[in-house]
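Here is what each chain is made of, one letter per residue.
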Amino acid sequence: MKKTWAKSGKHEKHAKRTSALFLAPSFLGVMAFFILPFIVVIVYSLVDNPINMEFNGLGNFIRVINNGAFKKAIANTLKFSVIAVPLAVVLSLMLAIVLEWKIPFRSQFRTFFLSPMMVPVASIVLIWQVLFHYNGAVNEWLGAFGIDKIDWLKSSKAYIVVVVLFLWKNLGYNMILFMAALSNIPEDLIEVARLENANKWQIFYHIKLRYMSSTILFVTIMSLINSFKVFREIYLLTGDYPVDTIYMLQHYMNNMFAKLDYQNLSAAAVLMSLCMIVIIGIMFLVENYYGKDVEG
Amino acid sequence: MKKKLLAFALSLIMVAGLAACGNGNTEETKNVERPAYVYVPEYFDWGVEEPENGYINTYGVVNGYMLGIKSEWSNETHQQSENILKYSLVDGTLEEIPYISDNSNEYINAVTVQQEGGIAACVQEYIWDEKTREGQAFYRVIFMDAAGQVTGEIDLADIYAEMAQKSDYAYINNIAVDSDQVVYLQFEQEIVAVNPDGSKLFSVETDNWIQNMGNMNDGSVYAVYYGQNGSEIGVIDKNAKAFGTKYELGNNNLNGFFNIAEDNMLYFSDSTSVRKLDLTTGKSEEVFQWLSVDMNGQYVDGVNYLDEKTFFAHYRDWSSDEEGFVKLVKTDSSLVPEKTILTLAALSSDSNIQADVVAFNKANTEYRIELKTYLDYNTMTEADYQNYEQFLSDATTRMLNDITGKDAPDMISLSNSNISMATLASKGALEEITPYLEKAGYSEEDFVAGVVNSYKLDGKLYTMPGRFAIQTTMADSAIVGDKEGWTLQEALEVIKNLPEGMSFSEYDTQEYFIQKCLIYGYTNFIDEQNASCNFDSEEFKAILEMAKTFPTESDYSGEATPILIQNGEVLTMDAGISSLEEVQVCLAYFGDKITPTFIGYPGVSGNGALLSSYGSTYAICSKSDYKDIAAEFIIEKMTQPYEPEDYRNWGFPSLKKELDAYITDQITVEYIKDENGELILDEEGNPIPENGGGSIGWEGWMYEYRPCTQEDADILLELVDGIEGVYTNSDSTIFSMIMEEVSYFLSGAKTADEVAALIQNRISLYLMQNS
């Protein structure tokens, strides 16, 4: 049915105008601090340098894609995301399920897993340095068992340290989200399922997971975003140019910024955004498929 | 459809706004807003002539008077006379109050004016005992009334004896008197309060050096000293016998004088600005910058506030020995002719930049340079010192953003920027100087070839220093070969086969040896063009192993370097040559039996020597609207004439004809003549040269200078022509990454293979990223 303005009526017009007015400050803020700067980034990615501002076509993108360091950064970031994000989601879901049971010291466990969120990043990094430095506590402990020192932060083992750090920092937050989602599942559905002799696994898979699909999507997206932010910890631990196994995409972009290479930086940012749009788009499609029963 | 059209139109409007993001620097965006008022300098003479056989010391401004001491030796009476100079800043009158003493060993070493106009001076007598070969100092304080009549004195023998027991170098630096006639004597880290009867009242100590003392408006005494967070002022509480109220000045490099105005503001200055501290609130703010009044703040002794419109300052230009006074009057800026502003960006202000800017602004009626800096060492806090690298990095980033942003400066000081010329040039941020040189009537051939070649980037010249020096290494040619320039491999071979008891260099340590190999052999390990490196090579590992044979710390307790070289204990010597005289000294290090060669640094191209610059090096920013004027300023610096009397003229001129003038001046021998113009002959009947003379030496070695010769000049010119690099061009990021990993090898934590592999990994990544 074709809607016309005539059928909307004065009241509806007024309502729309009023809502537009209330939305305007937020809209302008988003415009000023997110959309417009991103448009500037796109412009910078298409010019030769910020002084001359001559159109360069896709030259910057080609140069970035052909750069060995960028390729390595992409590979490392994807690898990290593929390993760390599912681990973060699955482990936190498991923790949430365990804490849902009436186990002793339940609230203490909850506090324990939440506490890394409250600690500033710099303090966390300091602790990690004390533990994993070449002359740190972990190597001292290994030495007591006659094991040679391992260069945790400057060898391929650095990857393990970063994954553990990421999980330690983010499990608590994800766990809380899952706990909230679990508590929102209608109890009567589960009772009905039990009455119909559904086992725990069937209840979990067919009811709980379905109901939590939007939360799982949200947690996955947040974990994915946080997996990019792990650059912060790596940077504080190992500086601008770490060992190549933990050289991430944001290292590349951060170093480009420091060298005034805004074109490469912008091109890399645009490419990363396109990747993120595709990945998140796929996740939304998956969620739509699995969660459609719940959303009706 | 309408909604889609509306959305599209909004997008276009947003994108259209980006049209402002370009390089369209308009006159409107570049104009600097003029302040409502400016301070206009009026130079004046206080009417005191520098005595021919004496000197004048200024002691700052106290209670509205500029104080000084004029000391003069009389050839007729063979006596030293001292006059206290008291110049009123209120009415401009000068009083010379003679201090007459029967004791020719006495002199005034500190003086102050009391609030009613009387004088209090600290007099020192130094007696040398020929028998004991020891000297002894005696101090007393004398009081004079406004007419200069001595009205009283205090013997400080007991007080000084007590202080001399605490320190061998006890010396009274300053004197102040409070409203109760209690005298305060400033020693290095202690102030002693003395009663009018000469007895000690109390003393207060500080943890650091006391810079100055003065009177508060109520007559009490304050001291300025270095505290926890920079300089601070402590008011002495006589009742508590300690410092009472303290104020942090937040400043580290204060000029000498301070004074407190009636409005309870403390006025003080540093090398960049005059500031005032509100003693009521403890907050300070800038009043004006020295450059805004066309003065080099580095030359200012201090400032005195007279009233809300007037400041006085005393300055001494130590490069030209010019000194004088200036009155700074607050004036409505509409009454002062406006000039077009050019902006010069530098990381921080230094003496050379200030001198260059002041000289330009004073001479130019149409244009004016304003200096924009990004960090001020005068106001660094303790936290800034602790995080100095971050502090410097933040300032550098702000400077870089400005250079590439909308309000880019017109010029940049490359020697004071922490930014590589190559980085800026690759971004198109710098303007080539060659066309402007041609306009000014110069060509590249007019300059020393080594300087031009060292500063060219991809065939383009953006700037050059006006003066330069040479850094190289010298060695025994019998061991290294009679040549100039050698590879890292050749150097390592020589080190491996050194004769018994001989070390490669005197002060090289493990770390320093590796640093030198990296700095000078940079291109041996890094191929920037192909973004590759070979730190996992046997050559680099050989350097690491070789470094372990060096000591961990330098030993400065041995004999003089020339003796070690001539005894065959040391092979090489680092030579910094900034004058023709230094050529002969470098050769003299090797004595008569060794034939030295200027072998250069291992791995450096050309003859192995490197160039370092003196003074500031400036470049034109490509976004400037005043490139011709900027070029005029820069070319003037690049083509500095040789002026023998200018103490700032360190190094060699970059302009060939000036270098020739310098060499001619140095090798032309002038002989000493008597008052009739006749040559004075020595015992052997030879005329005595004015040039040469003097000597240099230490730890048992001495060399007497001779007049410079054409041979010295030929050696210098040959060195200069063979230079192909600038001293500090290596990438500091690569350098610091390597040294970070090398420390594990030197401490024994890791093997050479492990360290080399890790360095190769990190540097490869760095080069790949930046290719």
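Residues numbered from 1 in each chain as written. Chains lettered and ligands numbered in written order. Predicted model: local features only at pLDDT ≥ 70, side-chain atom pairs only at ≥ 80, totals over all residues. Heavy atoms only, no water.

1. Some words on the side chain of Lys541(B)
Residues and elements named next belong to chain B.
Turning to step 1, where the next piece is worked out: In this fold, Lys541 is placed in helix α14 (residues 538–547).
Turning to step 2, where the next piece is worked out: Judged by its relative accessible area of 15%, Lys541 is buried.
Turning to step 3, where the next piece is worked out: Filtering out sequence-adjacent residues up to four positions away, Lys541 remains in contact with Asp536, Ala752, Asp753 and Ala756. (Helix = DSSP H or I, 4+ residues; strand = E, 2+ residues; numbered from the N terminus. Buried < 20%, exposed > 50% of the residue type's maximum accessible area, 1.4 Å probe, protein only. Contact = heavy atoms within 4.5 Å.)

2. Remarks on the interface of chain B and chain A
For an interface, size is often stated in terms of accessible area lost upon the parts coming together.
Turning to step 1, where the next piece is worked out: Listed by partner, the interface residues are 32 residues for chain B and 34 residues for chain A.
Turning to step 2, where the next piece is worked out: Summing both sides of the interface, chain B and chain A together bury roughly 2900 Å²; the carbon and sulfur share of this comes to 62%.
Turning to step 3, where the next piece is worked out: Taken together, the links from chain B to chain A amount to three salt bridges.
Turning to step 4, where the next piece is worked out: For Asp151(A), the salt bridge identified is with Lys750(B), shortest N-O distance 2.4 Å.
Turning to step 5, where the next piece is worked out: For the pair chain B and chain A, the number of links is 13 residue pairs in polar contact (both at pLDDT 80 or more).
Turning to step 6, where the next piece is worked out: Listed by contribution, the elements that provide at least two residues to the side of chain B that touches chain A are α6 (388–404), α20 (732–746) and α21 (752–769) of chain B.
Turning to step 7, where the next piece is worked out: With seven residues, α21(B) is the single largest residue contributor to the side of chain B that touches chain A.
Turning to step 8, where the next piece is worked out: Split into classes, the residues belonging to the side of chain B that touches chain A amount to 13 nonpolar, 13 polar and six charged. (Buried area = accessible area lost by both parts, 1.4 Å probe. Salt bridge = Lys/Arg side-chain N within 4 Å of Asp/Glu carboxyl O. Polar contact = N/O pair within 3.5 Å; in protein donor to acceptor, adjacent residues only side chain to side chain. Nonpolar A, V, L, I, M, F, W, Y, C, P; charged D, E, K, R; others polar.)

3. A closer look at the packing of helix α5 (residues 121–132) of chain A against helix α11 (residues 231–238) of chain A
Residues and elements named next belong to chain A.
Turning to step 1, where the next piece is worked out: Contact geometry for α5 and α11: axes closest at 10 Å, N-to-C directions at 50 degrees. With respect to α11, the element α5 is oriented oblique. Of the two possible hands of crossing, α5 and α11 adopt the one that is right-handed. Between α5 and α11, the contacting residues are Val121, Ala122, Val125, Trp128 and Gln129 on the first element and Arg232, Glu233, Leu236 and Leu237 on the second.
Turning to step 2, where the next piece is worked out: Considering only residue class, the contact of α5 with α11 consists of six nonpolar, one polar and two charged. (Axes fitted to C-alpha atoms, helices over the stretch in contact; angles between N-to-C directions. Parallel < 35°, antiparallel > 145°, perpendicular 65-115°, else oblique. Left-handed = near helix turned anticlockwise from the far one by under 90°.)

4. Quick look at empty space enclosed by the protein
Residue and element names in this part refer to chain B.
Turning to step 1, where the next piece is worked out: Across all of its chains, the model carries six cavities of 30 Å³ or more by this definition.
Turning to step 2, where the next piece is worked out: When its volume is computed, the largest cavity comes out at roughly 80 Å³.
Turning to step 3, where the next piece is worked out: Around the largest cavity sit Thr473, Trp486, Phe504, Phe513, Lys516, Cys517, Tyr520, Thr572, Gly600 and Pro602, which together line it.
Turning to step 4, where the next piece is worked out: Counting residues per element, the lining of the largest cavity draws most heavily on helix α12 (residues 510–520), at four residues. (1 Å grid on protein atoms, 1.4 Å probe; cavity = no way out; pocket = protein on both sides within 12 Å on 5 of 7 lines; lining within 4 Å. Points joined across faces, edges and corners; volume = space filled by probe spheres on them.)

5. A word on the sheet that holds strand β26 (residues 367–373) of chain B
Residues and elements named next belong to chain B.
Turning to step 1, where the next piece is worked out: The mixed open sheet is built from four strands, whose spatial order is β26-β25-β27-β34. Edge strands, defined here as strands with exactly one partner in the open sheet, are β26 and β34 (618–620). Strand-to-strand twist across the sheet, computed as the mean angle between neighbouring axes with direction ignored, equals 30 degrees.
Turning to step 2, where the next piece is worked out: Pairing analysis gives two bridges linking strand β25 (residues 340–346) to strand β27 (residues 411–413), with the strands arranged parallel. Each bridged residue has a counterpart across the sheet, and for Leu344 the counterpart in β27 is Met411.
Turning to step 3, where the next piece is worked out: Along the sheet face, helix α17 (residues 627–638) touches β25, β26, β27 and β34 and points at about 155 degrees away from the line of β34. (Pairing = 2+ DSSP bridges.)

6. Here we look at the pairing of β25(B)
Residue and element names in this part refer to chain B.
Turning to step 1, where the next piece is worked out: Along β25, six of the seven residues are buried, which leaves the element largely enclosed by surrounding structure.
Turning to step 2, where the next piece is worked out: The pairing of β25 with β26 spans seven bridges and is classified as parallel. Residue pairing in the sheet places Thr343 in a bridge with Glu370 of β26.
Turning to step 3, where the next piece is worked out: Viewed along the sheet, the connection from β25 through helix α4 (residues 351–363) into β26 turns out right-handed. (Right-handed = clockwise from strand over helix to strand, strands pointing away.)

7. Remarks on the packing of aromatic side chains
Turning to step 1, where the next piece is worked out: In the structure shown here, the tally under the stated rule is 51 aromatic pairs over all chains.
Turning to step 2, where the next piece is worked out: Ring geometry for Phe70(A) versus Tyr252(A): centroids 5.3 Å apart, planes at 65 degrees, classification edge-to-face. Here the residue Phe70(A) occupies a position in helix α3 (residues 68–100), and Tyr252(A) occupies one in helix α12 (residues 249–258), the gap between them amounting to 182 residues.
Turning to step 3, where the next piece is worked out: On the numbers, 6.2 Å between centres and 25 degrees between planes, the contact of Trp209(B) with Tyr226(B) is stacked. Placement of the pair is Trp209(B) in the loop between β13 (200–205) and β14 (210–215) and Tyr226(B) in strand β15 (residues 221–227), with a sequence separation of 17 residues.
Turning to step 4, where the next piece is worked out: Each member of the aromatic cluster is reached from another via a ring pair, and the members are Tyr37(B), Tyr39(B), Tyr267(B), Phe288(B), Trp290(B) and Phe311(B).
Turning to step 5, where the next piece is worked out: Its guanidinium or amino end placed over the ring of Tyr37(B), Lys330(B) lies 4.1 Å from that ring's centre, counting from NZ or CZ. (Phe/Tyr/Trp six-rings, centres within 6.5 Å; stacked < 30°, edge-to-face > 60°. Lys NZ or Arg CZ within 6 Å of the ring centre and 35° of its normal.)

8. Some details on unusual backbone geometry
Turning to step 1, where the next piece is worked out: For Asn197(A), which is not glycine, the phi torsion reads 65 degrees and is therefore positive.
Turning to step 2, where the next piece is worked out: Using a relative accessible area of 68% as the deciding quantity, one classes Asn197(A) as exposed.
Turning to step 3, where the next piece is worked out: In this model, Lys241(B) sits at a positive phi of 55 degrees, which is unusual for a non-glycine residue.
Turning to step 4, where the next piece is worked out: Assignment of secondary structure puts Lys241(B) in the loop between β16 (230–237) and β17 (242–248).
Turning to step 5, where the next piece is worked out: Residue classification places Lys241(B) among the partly exposed residues on the basis of a relative accessible area of 45%.

9. So, the pattern of salt bridges
Turning to step 1, where the next piece is worked out: Inspection of the entire model under this criterion finds 32 salt bridges over all chains.
Turning to step 2, where the next piece is worked out: Here Asp508(B) makes a salt bridge to Lys516(B), at a shortest N to O gap of 3.2 Å. When sorted by exposure, Asp508(B) lands in the same class as Lys516(B), which is buried.
Turning to step 3, where the next piece is worked out: For Arg762(B), the salt bridge goes to Glu741(B), with nearest N and O atoms at 2.7 Å. Here the residue Arg762(B) occupies a position in helix α21, and Glu741(B) occupies one in helix α20, the gap between them amounting to 21 residues.
Turning to step 4, where the next piece is worked out: Here Arg762(B) falls in the buried class, since its relative accessible area comes to 5%.
Turning to step 5, where the next piece is worked out: Sharing partners across several salt bridges, the network here consists of Lys154(A), Glu740(B), Glu741(B) and Arg762(B).

10. Quick word on the sheet that holds β13(B)
In a beta sheet, neighbouring strands pair by backbone hydrogen bonds and run either parallel or antiparallel.
Residue and element names in this part refer to chain B.
Turning to step 1, where the next piece is worked out: Within the open sheet, the four strands sit side by side as β10-β11-β12-β13. Their pairing is antiparallel. At either margin of the open sheet sits one strand with a lone partner, and together these are β10 (174–177) and β13. Ignoring which end each strand starts from, the neighbouring axes of this sheet average 20 degrees apart.
Turning to step 2, where the next piece is worked out: Two strands pair when backbone bridges link them, and β10 and strand β11 (residues 183–186) are joined in this way by four bridges, in the antiparallel orientation. Residue pairing for β11: Val177 is matched across the bridge by Val183.
Turning to step 3, where the next piece is worked out: Sitting on the sheet, helix α3 (residues 157–166) touches β12 (190–194) and β13, and the angle it makes with β12 is about 160 degrees.

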